[in-house]
Amino acid sequence: MAKQDEKMRMRRKLQEKAVELAAMNNWAEALEVNRQILTLGEDPDTYNRMGKALMELGQYSESHDCYQQALRLFPTNAIARKNVQRLDALLARGFDHGQENRSPRQQVDLRLFITETGRTALTTLIDVPRSPAVDALVTGEKMDFRIEGRTVYVIDADGTVVGRLEPKLGQRLAELINGGNRYIAAIAQTDPRLVRLLIRETYQDPSQRGRISFPGKLGEGAMYVSSLRYEEYEDVIDDDDSNDDDDSSVEEYIGGGDEEEELGLEEIDQDMGDDDDNIEE
């Protein structure tokens, strides 16, 4: 009995370490710790964590194998099933080991987005192209902005456009950035249906004092999601997806759609200039 208890304590300790390493985007070490856990016995959660780490490292074939092992042990596991579908699409397009000649990914610790209401946003990108760059996006990957007039495009390390901000939010952010504010952005979620982005204000220019970057429900939701541990974060995203209308097509998700509730656009409207009625809807 004592030996079994010791084994369970060791397993819990390794699990905690694996989750902590994943939260810090230290995927190589997280992978090794999860491999140690497997020596103490198989379980679907460990295979899921290994699959995640391998996907983040661009080892898609190996990641696919791990998620398949999770399904072998737990055939209805939603996380494994979703990622097997995503990896099937990548592998079918010939991306066995990530994208060749792709600039190194810069990872952002999602815990950096924990901040006071109004400085952090969680938003769904619109006009997301069907492309290898989008397929290869990973959670925590740092994104940049390219501003063209009132439009804000979201770009990866190679300068490839992966989508754009909803028009009203985009205009707001463009005004604030042009006014001297600075922001950091990272991928919060990506799957064949949608790409979500976390945005955080890192510097407020004195000229923008008194202006809240992200008013209303937008900031509150982002702070809640980004405060979660890695595994909890994945579960919340999956639960949130289950509320989507099952009759909606993939094109509707990729094209954007009505995101007013998520973005808190009613609050944004109140803080924008008189010429905002001319924005593209």
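A quick note: this is a predicted structure, and the numbers were derived from the prediction, not measured.

Colleague: Which residues make up the overall build of the protein chain, and what are the values?
Modeller: Each helix and strand in the protein chain was counted, giving twelve helices and six strands. In the protein chain, which comprises 281 residues, the proportion classed as buried is 49%. For the protein chain, long-range pairs separated by at least 24 residues make up 70% of all intrachain contacts whose partners lie at least 6 apart in sequence. For the protein chain, the exposed surface amounts to about 13,900 Å²; the carbon and sulfur share of it is 48%.

Colleague: So what's going on with the side chain of Gln-208? Which residues, and what values?
Modeller: Position of Gln-208 among the secondary structure elements: in the loop between strand 6 (195–203) and helix 8 (217–226). Exposure remark for Gln-208: the relative accessible area of 8% places this residue in the buried category. Those residues within four positions of Gln-208 in sequence are excluded, and the remaining contacts are Leu-176, Gly-179 and Asn-181.

Colleague: Let's hear about the pairing of strand 2 (residues 142–148): which residues, and what values?
Modeller: Of the strand pairs in this sheet, strand 2 and strand 5 (residues 182–190) are connected by two bridges, and their pairing is antiparallel. Along strand 5, the bridge assignment pairs Lys-142 with Ala-186. Across five bridges, the pairing between strand 2 and strand 3 (residues 151–155) is antiparallel. Opposite Ile-147, over in strand 3, you have Val-152 as the bridge partner.

Colleague: Tell me about the packing of aromatic side chains, and please be specific about residues and values.
Modeller: A complete count under the given rule lists one aromatic pair for this structure. When the centroid spacing of 5.9 Å and the interplanar angle of 70 degrees are considered together, the rings of Tyr-183 and Phe-214 count as edge-to-face. Within this pair, whereas Tyr-183 is found in strand 5, its partner Phe-214 is found in the loop between strand 6 and helix 8, the two being separated by 31 residues in sequence. Summarising the burial analysis for this pair, Tyr-183 and Phe-214 share the class buried. Positioned above the aromatic ring of Tyr-153, the side-chain terminus of Arg-146 is 5.3 Å from the ring centre.

Colleague: Report on the pattern of salt bridges, specifying residues and quantitative values.
Modeller: Under the defined criterion, the tally for this structure stands at ten salt bridges. Arg-35 serves as the salt-bridge partner of Glu-32, at 2.8 Å between the closest nitrogen and oxygen. In this pair, Glu-32 and Arg-35 both sit in helix 2 (residues 27–38), three residues apart, roughly one turn of the helix. Its salt-bridge partner being Asp-144, residue Lys-142 comes within 2.9 Å of it at the nearest N-O pair. Among the residues examined, Asp-144 registers a relative accessible area of 32% and is labelled partly exposed.

Colleague: Break down the side chain of Glu-166 for me, with residues and values.
Modeller: Along the chain, the position of Glu-166 falls in the loop between strand 4 (161–164) and helix 7 (167–178). Buried charge without a partner: Glu-166 forms no salt bridge, and the closest opposite charge is Lys-168, 6.0 Å away. A polar atom in the side chain of Glu-166 sits 2.9 Å from the backbone nitrogen of Leu-169.

Colleague: Give me the lowdown on the nonpolar core, citing residues and values where you can.
Modeller: Counting residues in each nonpolar core, the largest one holds 22 residues, and the members touching the most others are Leu-125, Met-143, Phe-145, Val-154, Leu-165, Leu-197 and Ile-199. Tallying contributions element by element places helix 7 first for this core, with four residues. When neighbours within four sequence positions are excluded, Leu-125 is seen to be in contact with Val-154, Val-162, Gly-163, Arg-164, Leu-165, Val-195 and Leu-197. Membership of the second largest hydrophobic core comes to 18 residues, among which are Trp-27, Tyr-47, Ala-53 and Leu-90.

Colleague: An account of helix 5 (residues 78–92) is requested, with residue identities and associated values reported.
Modeller: For helix 5, with 15 residues, the first-to-last C-alpha span of 21 Å sits near the 21 Å given by 1.5 Å per residue. Among the residues of helix 5, Ile-79, Ala-80, Lys-82, Asn-83, Val-84, Arg-86, Leu-87 and Leu-90 are the ones counted as buried. Structurally, the start of helix 5 carries an N-cap: the backbone nitrogen of Ile-79 is 3.3 Å from a side-chain oxygen of Asn-77.

Colleague: Which residues make up the pairing of strand 1 (residues 120–124), and what values go with them?
Modeller: With respect to burial, strand 1 is a largely interior element, five of its five residues being buried. A two-sided burial pattern is seen for strand 1, the buried positions comprising Thr-120, Leu-122 and Thr-124 on one face and Ala-121 and Thr-123 on the other. With five bridges connecting them, strand 1 and strand 6 associate as antiparallel partners. When the sheet's bridge partners are listed, Thr-124 is paired in strand 6 with Arg-196.

Conventions and cut-offs
- Residues numbered from 1 in each chain as written.
- Predicted model: local features only at pLDDT ≥ 70, side-chain atom pairs only at ≥ 80, totals over all residues.
- Heavy atoms only, no water.
- Helix = DSSP H or I, 4+ residues; strand = E, 2+ residues; numbered from the N terminus.
- Buried < 20%, exposed > 50% of the residue type's maximum accessible area, 1.4 Å probe, protein only.
- Contact = heavy atoms within 4.5 Å.
- Areas by Shrake-Rupley, 256 points an atom, 1.4 Å probe, with all protein chains shown as cover.
- Pairing = 2+ DSSP bridges.
- Phe/Tyr/Trp six-rings, centres within 6.5 Å; stacked < 30°, edge-to-face > 60°.
- Lys NZ or Arg CZ within 6 Å of the ring centre and 35° of its normal.
- Salt bridge = Lys/Arg side-chain N within 4 Å of Asp/Glu carboxyl O.
- Lys, Arg positive; Asp, Glu negative; His and termini not counted.
- Polar contact = N/O pair within 3.5 Å; in protein donor to acceptor, adjacent residues only side chain to side chain.
- Core = buried A, V, L, I, M, F, W, Y, C linked by side-chain atoms within 4.5 Å.
- Expected span 1.5 Å × (residues − 1).

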